[in-house]
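# Coordinates in review
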Amino acid sequence: MGERKKRALFIDRDGTLVKEPPVDYQLDSLEKLEFVPRVMRNLYFIRQRLDFEFVMVTNQDGLGTPSFPEETFWPAHNLMLKTLAGEGIVFDDIRIDPSLPEENSPNRKPRTGMLTRYMTDEYDLANSFVIGDRLTDMELARNLGAKGIWLRPSLEGAEEELKAYPVALSPALIAEDWDRIAEFLFAGERRAIVRRATKETDIYVDWNLDGTGKTEIATGLGFFDHMLEQIGKHSGTDLTIRVKGDLNVDEHHTIEDTAIALGEALLQALGDKRGIERYGYCLPMDDCLCGVALDFGGRPWLVWDAEFRREKVGDMPTEMFLHFFKSLSDAARMNLNIRAEGTNEHHKIEGIFKALARSIKMAIRRDIYKYELPSTKGML
Ligand SMILES: [Mg+2]
């Protein structure tokens, strides 16, 4: 066995550790020093529990020139370091580039000139991360061959900004806060890809429980697609489903096999279930009252208390609803208790799917500070 390579977190300063001052973007006085919320407890947690080296990497435009004299920079910078050190957060290395953009310095982020000492065999850059609030930070990650974690106030607009950027970038994580970053680094991503092919259907499911609600569904059945979209969107998970089914026969195999693949993906993605809430329930929806209680306890069971009078909703036979949830519960080994009352059949089934999504959202919520199995039996 060779020696394990070192890993690093390359952490941007302004906008990532401390708030970037508005207007001139210069942190040049003590009054402007303000930490990004929750940065301290999470960096402390990462420092204690994981083996990353901490490297601060920052561009300070024109530092040392009359536009940004050093004597206005260091007091705030040093107070920041001192405060972090007091919380057990010490940087192994700090790299500051003082150039202006027009100088095209090889050291200026996203260029890697300041980090050549990390670009050797000693470091496992592929499993190191750049954490920053700008796409230039994500470009630095790309240039280093590392992964990027993009911290931004909201997930909204992120895709558009990525698309508009001149270089193709795909951050490993887009995070709204430091809690999410620590969770991601510590516990990883819960994602499963299931491919299930029989004579009747060919199904591909990619389910990322730590996603943002992005869906891409194509089963060949419009109404079914619409229902499955609810699961991803309202649980805040990323769900891709592609199905080629024998719809020339009927809808049965397509719906049943999709439920099985979906349940398998959920079970796999949940992994050992450490730190999760386990239970979830919900009761909303227009004229209808729909409730889905669920338990990822490892035993499949379905209680179905919902009646449908129409033969079909859209292109989906209503007799297949029960069948879908039964197959899902079996494959995911979860207990589902489903109730719905009301008159509008479309609302009723949509309500059930949304309530399922909300239940999943609650039950998969994970707390890395209580990273235990939610069971007294020691396994789920
Ligand atoms: Mg920044």
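Conventions used here
Residues numbered from 1 in each chain as written. Predicted model: local features only at pLDDT ≥ 70, side-chain atom pairs only at ≥ 80, totals over all residues. Buried ≥ 20, exposed ≤ 12 C-beta atoms within 10 Å, placed from the backbone. Helix = DSSP H or I, 4+ residues; strand = E, 2+ residues; numbered from the N terminus. Pairing = 2+ DSSP bridges. Right-handed = clockwise from strand over helix to strand, strands pointing away. Contact = placed C-beta atoms within 7 Å. Axes fitted to C-alpha atoms, helices over the stretch in contact; angles between N-to-C directions. Domains from an automatic or database assignment. UniProt positions renumbered as here; feature names shortened; annotations may be inferred.

## What to know about the pairing of strand E5 (residues 147-151)
By the criterion of burial, E5 is predominantly enclosed, with 4 of the 5 residues buried. As paired strands, strand E4 (residues 129-132) and E5 are joined by 4 bridges and run parallel to one another. When the bridges of E5 are listed, Gly132 appears paired with Trp150. Handedness of the E4-helix H3 (residues 135-144)-E5 crossover: right-handed. Two strands pair when backbone bridges link them, and E5 and strand E6 (residues 173-175) are joined in this way by 3 bridges, in the parallel orientation. Bridge pairing links Ile149 to Leu173 in E6. For the segment spanning E5, helix H4 (residues 158-164) and E6, crossover handedness is right-handed.

## A look at the sheet that holds strand E16 (residues 335-341)
Pairing within the open sheet is mixed, and its 4 strands lie in the order E11-E12-E16-E13. Looking along the sheet, the strands with just one partner apiece sit at the ends: strand E11 (279-280) and strand E13 (301-305). Relative to E16, strand E12 (residues 289-295) runs antiparallel, the two sharing 7 bridges. Each residue of the ladder has a partner; that of Gly291, found in E16, is Arg339. Taken strand by strand, helix H8 (residues 319-332) contacts E13 and E16, and its axis lies near 160° from that of E13. Across the sheet, helix H9 (residues 345-364) touches E11, E12 and E16, and the angle it forms with E12 is around 35°.

## Some thoughts on the domain arrangement of the protein chain
Interface size is commonly expressed as the accessible surface area that is lost when the partners come together. Examined at the domain level, the protein chain breaks down into domain 1 (7-187) and domain 2 (191-364). Relative placement of domain 1 and domain 2: their C-alpha centres are 40 Å apart.

## Some remarks on the UniProt feature "active site" (unreviewed entry) in the protein chain
In this structure's numbering, the residues bearing the UniProt feature "active site" (unreviewed entry) are Asp12 and Asp14. Assignment of secondary structure puts Asp12 in the loop between strand E1 (7-11) and helix H1 (39-49). You can call Asp12 buried: it has 22 C-beta atoms within 10 Å. Setting aside residues up to four positions removed in sequence, Asp12 forms contacts with Val57, Thr58, Ile131, Gly132, Asp133 and Asp137. Position of Asp14 among the secondary structure elements: in the loop between E1 and H1. Beyond its immediate chain neighbours, meaning those up to four positions away, Asp14 contacts Glu20, Tyr25, Leu27 and Thr58.

## So, H3
Of all 10 residues in H3, 7 are buried; the element is thus mostly enclosed. Where H3 is buried, its residues touch E4, E5 and H4.

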